[in-house]
Amino acid sequence: FSAVAAAAPNGNQAMIVAVPFLAMSILFNGLVISRASAPSYLLWVFDVSPMRYALQAIMLRLGESATEEEKAGVFRVLGFTHGESLKGLVVIVCMLFVFRVLQVLFTKYMHNPQK
């Protein structure tokens, strides 16, 4: 959200502009809208949602004490799978890099900071 704050002229507009990004992150975390229930043209959102990877890691860890039948049912419905931790880490690091670069560019070219 630092990139959004850097692009906005003031704090109030930054909060308003950030709401859709936050809403998408919350909606596509796997609990509110699961991968199985999402339309095919929105499946890419799950792949770039850092909140999904975090929630998936938490749910898989909590599910270790569940029976195999419970795990299969819950994880199948939610679309959570083992072995995506590295993919989630790569997504988060890439997003950090891209948004940090955008933050610097927005600050430099949209607000003309004085040295």
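Here the structure is shown first, and the text comes after it.
Residues numbered from 1 in each chain as written. Predicted model: local features only at pLDDT ≥ 70, side-chain atom pairs only at ≥ 80, totals over all residues. Heavy atoms only, no water.

Enquirer: Provide a residue-level description of the pattern of salt bridges, including the pertinent values.
Expert: Counting across every chain of the model gives four salt bridges. One salt bridge connects D47 with R35, and the closest N-O pair in it is separated by 3.1 Å. Separated by twelve residues along the polypeptide, D47 in helix α3 (residues 43-47) and R35 in the loop between α2 (11-27) and α3 bring together distant segments of the chain. For D47, the salt bridge goes to K87, with nearest N and O atoms at 3.4 Å. Here K87 lies in helix α6 (residues 85-110) and D47 lies in helix α3, a separation of 40 residues in the sequence. Through salt bridges with shared partners, a single network forms among R35, D47 and K87. (Salt bridge = Lys/Arg side-chain N within 4 Å of Asp/Glu carboxyl O. Helix = DSSP H or I, 4+ residues; strand = E, 2+ residues; numbered from the N terminus.)

Enquirer: Describe the nonpolar core, listing the residues and the values that go with them.
Expert: Listed in full, the five residues of the largest apolar core are L55, L60, F75, L78 and F80. Counting residues per element, the ones that place at least two in this core are α4 (50-62) and α5 (68-78). Setting aside chain neighbours within four positions, we find F80 in contact with N29, G30, L55, Q56, M59 and F75. (Core = buried A, V, L, I, M, F, W, Y, C linked by side-chain atoms within 4.5 Å. Buried < 20%, exposed > 50% of the residue type's maximum accessible area, 1.4 Å probe, protein only. Contact = heavy atoms within 4.5 Å.)

Enquirer: Outline α5, listing residues and values.
Expert: For α5, the set of buried residues is K71, F75 and L78. Along the long axis of α5, the arc covered by the buried residues comes to 60°, so they all point the same way. Opposite the buried face of α5, by more than 90 degrees, sit the exposed residues E69 and R76. As for α5, its buried residues are in contact with α4. Remark: G79 follows α5 within two positions and exhibits a positive phi of approximately 80°. (Arc of directions from axis to C-beta.)

Enquirer: Outline the environment of S25, supporting the account with residue identities and numerical values.
Expert: Mapped onto the fold, S25 is located in helix α2. In this structure S25 comes out as buried when scored by relative accessible area, which is 17%. Once the C-alpha coordinates of S25 and E69 are considered, the two residues, 44 residues apart in sequence, prove to be 29 Å apart. The contact partners of S25, leaving out residues within four places of it in the chain, are S49 and M51.

Enquirer: Give a detailed account of a nonpolar patch on the surface, specifying residues and quantitative values.
Expert: There is a patch of nonpolar side chains on the surface, built from F1, V17, F21, L22, I26, L27, L31, V32 and M51 and spanning about 810 Å² of accessible area. Take the nonpolar patch: its biggest share by element is five residues, from α2. Examined against the element boundaries, V32 turns out to sit in the loop between α2 and α3. Note on V32: relative accessible area 53%, which makes it exposed. (Patch = residues over 30% accessible without salt bridge, like charges linked within 9 Å, V, L, I, M, F, W, Y side chains within 5 Å. Areas by Shrake-Rupley, 256 points an atom, 1.4 Å probe, with all protein chains shown as cover.)

Enquirer: Describe in detail the packing of aromatic side chains, supporting the description with residues and values.
Expert: In total, this model carries one aromatic pair according to the counting rule given. Both rings, one in F28 and one in F46, keep their centres 5.3 Å apart while their planes meet at 80°; by these two values the pair is edge-to-face. Taken together, the positions of F28 in the loop between α2 and α3 and F46 in helix α3 put the pair 18 residues apart, joining distant regions of the chain. For F28, a relative accessible area of 4% translates into the label buried. (Phe/Tyr/Trp six-rings, centres within 6.5 Å; stacked < 30°, edge-to-face > 60°.)

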